[in-house]
Amino acid sequence: VQLVESGGGLVQAGGSLTLSCAASGHTFSTYTMGWFRQAPGKEREFVGAITWSGGNTYYADSVKGRFTISRDNAKNTVYLQMNSLKPEDTAVYYCAADSDGSRLGFSSRAYDYWGQGTQVTVSS
């Protein structure tokens, strides 16, 4: 599985961005998809995840109520809608795929495949 993120950029605080992650391969629809982020000088942290069917999602407390994950299995794409962005949301955002599509892992070790990342910068 190859994952390619897009949609990052520069946005003012309070603004919105939608990230996309396009996956290759016919097994996308069976995978849990997760989003992680890594700010300069910090460890990679969990943002949220969505199960294979889209029926279950899980978010980090820091983004709950502001970020929404969705997926379109027909397009092999997962999305991260980010609203009410804050400067502390600035990071490189990564999507990841977990071959166990029924669980919602928050540890990076649960994920088998990773994208290259896309930069999100929120100015104050």
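Just above sits the structure.
Residues numbered from 1 in each chain as written. Predicted model: local features only at pLDDT ≥ 70, side-chain atom pairs only at ≥ 80, totals over all residues. Heavy atoms only, no water.

**Student:** Whenever I open this one, the nonpolar core confuses me. Can you help?
**Tutor:** Inside soluble globular proteins, nonpolar side chains tend to come together where they are buried. Membership of the largest hydrophobic core comes to 34 residues, with the highest contact counts inside it found for Met33, Trp35, Phe67, Val78, Leu80, Met82 and Tyr93. Those elements that place two or more of their residues in this core are β3 (17-23), β4 (32-38), β5 (45-50), β7 (67-72), β8 (77-82), β9 (91-98) and β11 (118-123). Considering every element that reaches this core, the biggest residue donor is β9, with five residues. Among residues more than four places away in sequence, those in contact with Phe67 are Arg37, Val47, Tyr59, Leu80, Gln81, Met82, Asn83, Leu85, Asp89 and Tyr93. (Core = buried A, V, L, I, M, F, W, Y, C linked by side-chain atoms within 4.5 Å. Buried < 20%, exposed > 50% of the residue type's maximum accessible area, 1.4 Å probe, protein only. Helix = DSSP H or I, 4+ residues; strand = E, 2+ residues; numbered from the N terminus. Contact = heavy atoms within 4.5 Å.)

**Student:** What is the right way to read the pattern of salt bridges from this model?
**Tutor:** As a working rule, side chains carrying opposite charge can pair if their charged atoms are close by. Scanning all chains against the criterion turns up six salt bridges. As a salt-bridge pair, Lys64 and Asp61 come within 3.1 Å of each other at their nearest N and O atoms. Lys64 sits in the partly exposed class, given a relative accessible area of 48%. Overall, Asp61 belongs to the exposed group, its relative accessible area being 67%. Arg66 is the salt-bridge partner of Asp89, the closest N and O atoms lying 2.8 Å from each other. Pair noted here: Asp89 is in the loop between β8 and β9 and Arg66 is in the loop between β6 (57-59) and β7, with a separation of 23 residues, a long-range link. Since its relative accessible area comes to 1%, Asp89 is described here as buried. (Salt bridge = Lys/Arg side-chain N within 4 Å of Asp/Glu carboxyl O.)

**Student:** Looking at this structure, how should I read the environment of Ala23?
**Tutor:** Residue position: Ala23 is located in strand β3. Between the alpha carbons of Ala23 and Gly115 there is a distance of 9.0 Å; along the sequence they are 92 residues apart. Non-local contacts of Ala23, meaning those with residues more than four positions away in its chain, are made with Val1, Gln2, Leu3, Phe28 and Asn76.

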